[in-house]
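# Coordinates in review
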Amino acid sequence: MSAATRRQALFGGLCLCCLPTLGRTAESFSMDEVAPGIFIRRGPDAEASPENNDAIANIGFIVGRDGVLVTESGGSLADGQWLRAEIAKRTDKPVKYVMLTHVHPDHVFGAAAFKADNPTFVGHAALRGALDARGEFYRKRLADILGEERAGTVVYPTLEVKDGAEIDLGDRKLTLTAHGTAHTNCDLSMLDSGSGLLFPADLLFVGRIPSLDGSLIGWLKEIERLKSMGATDAVPGHGPTRVKFAPAIGDLARYLTTMRDETRKAVAADTPIETAVTTIAQGEKDQWALFDTYNGRNVTQAYQELEWE
């Protein structure tokens, strides 16, 4: 592994969703009504490209009696504008809340499309610091791929959740949980009382390989926390728009546990990190889309964390 490749692996979290590859075009997207009043678009298992406007995450909205909550804003200004138009097709109720579930660009750069609605932008208490550290870097990378006019701007939360919070849309309440460092250091999940659906954002990947940009041990811990919430179905950050929670979180836990156990063995055996990134968790290769793009980065992150246990 070259020094440049090692650096790319090391800073994989900073490059998330910024490797141009072709996926579905933005024009091909549609919304699924996964429960009454809840509309979700599935993002493709791809990376940001001019063709898809970084519309690669599962995004959508919840219509309540008193207004609309956006579950994810999208991966660019253009993606957010697409979502805003989809909302307008289905309701004229005001957009009152926009969730910023974590720092990664495919989940927050659509937020600028909702500024005119003057909503409450909701994020983890650590999100502001993460955006300060990475936001402009992400914006420039996105502008390089999509162009300035489609990329969007950094939008900060106006409601910061430190532990938990509740949002009332009139006929349904949403319970928010600020998680410890896991996928990132600023993951926010949401449980909808109306449907019973859990919205774990990128704490749950289905089919697409998870991206480790926080803490491996922390993520496994937060998986147990998600399980304790009692949801039977979930809307993952990536994958099908609605899934059975138990088997989906089981697949994720299996991958992360495999990475933890094999990384610990590699550390104990003084296996060089250059070797580790090509050998650890290879048994999972056929289970995940984009495995070759992210597994090496995940191993690098895990190795750095676990070698100091």
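For the structure given in this document, a descriptive report is provided here. (Residues numbered from 1 in each chain as written. Predicted model: local features only at pLDDT ≥ 70, side-chain atom pairs only at ≥ 80, totals over all residues. Heavy atoms only, no water.)

Another aspect to go through is the sheet that holds strand E8 (residues 164–168). Pairing is mixed in the open sheet, where six strands are placed in the order E8-E9-E10-E11-E12-E13. Both edges of this open sheet fall to E8 and strand E13 (243–244), since each of them pairs with a single strand only. Two elements, strand E12 (residues 233–238) and E13, share two bridges in a ladder whose sense is antiparallel. Bridge assignment links Ala234 to a residue of E13, and that residue is Val243. Sitting on the sheet, helix H6 (residues 216–227) is in contact with strand E9 (173–178), strand E10 (188–192) and strand E11 (198–205), with an inclination near 155° to E11. Contacts from helix H7 (residues 245–268) reach E11, E12 and E13 within the one sheet, and its direction differs from that of E11 by about 25°. (Pairing = 2+ DSSP bridges. Helix = DSSP H or I, 4+ residues; strand = E, 2+ residues; numbered from the N terminus. Contact = heavy atoms within 4.5 Å. Axes fitted to C-alpha atoms, helices over the stretch in contact; angles between N-to-C directions.)

The subject of this paragraph is the packing of H6 against H7. Here H6 crosses H7 at 155°, and the two axes come no closer than 10 Å. Here H6 is positioned roughly antiparallel relative to H7, judged by the angle of their axes. Two packed elements cross with a definite hand, and for H6 against H7 that hand is left-handed. The segment H6 lies against H7, with Leu216, Ile217, Trp219, Leu220, Ile223, Leu226 and Lys227 engaging Phe245, Ile249, Leu252, Ala253, Leu256, Thr257, Met259, Arg260 and Arg264. In terms of residue class, the contact of H6 with H7 is made up of twelve nonpolar, one polar and three charged. (Parallel < 35°, antiparallel > 145°, perpendicular 65-115°, else oblique. Left-handed = near helix turned anticlockwise from the far one by under 90°. Nonpolar A, V, L, I, M, F, W, Y, C, P; charged D, E, K, R; others polar.)

Along its twelve residues, H6 runs 17 Å from first to last C-alpha, staying within 8% of the 16 Å computed at 1.5 Å per residue. For H6, the complete set of buried residues consists of Leu216, Gly218, Trp219, Leu220, Glu222, Ile223 and Leu226. A distance of 3.5 Å separates the backbone nitrogen of Ile217 from a side-chain oxygen at the start of H6, and that oxygen is part of Ser215. (Expected span 1.5 Å × (residues − 1). Buried < 20%, exposed > 50% of the residue type's maximum accessible area, 1.4 Å probe, protein only. Polar contact = N/O pair within 3.5 Å; in protein donor to acceptor, adjacent residues only side chain to side chain.)

This part covers the packing of aromatic side chains. Inspection of the entire model under this criterion finds five aromatic pairs. Stacked on the ring of Phe29, the Lys or Arg Arg41 has its end atom at 4.5 Å from the ring centre. For the cation-ring pair, Arg297 lies above Tyr294, with the distance from its terminal atom to the ring centre recorded as 5.0 Å. (Phe/Tyr/Trp six-rings, centres within 6.5 Å; stacked < 30°, edge-to-face > 60°. Lys NZ or Arg CZ within 6 Å of the ring centre and 35° of its normal.)

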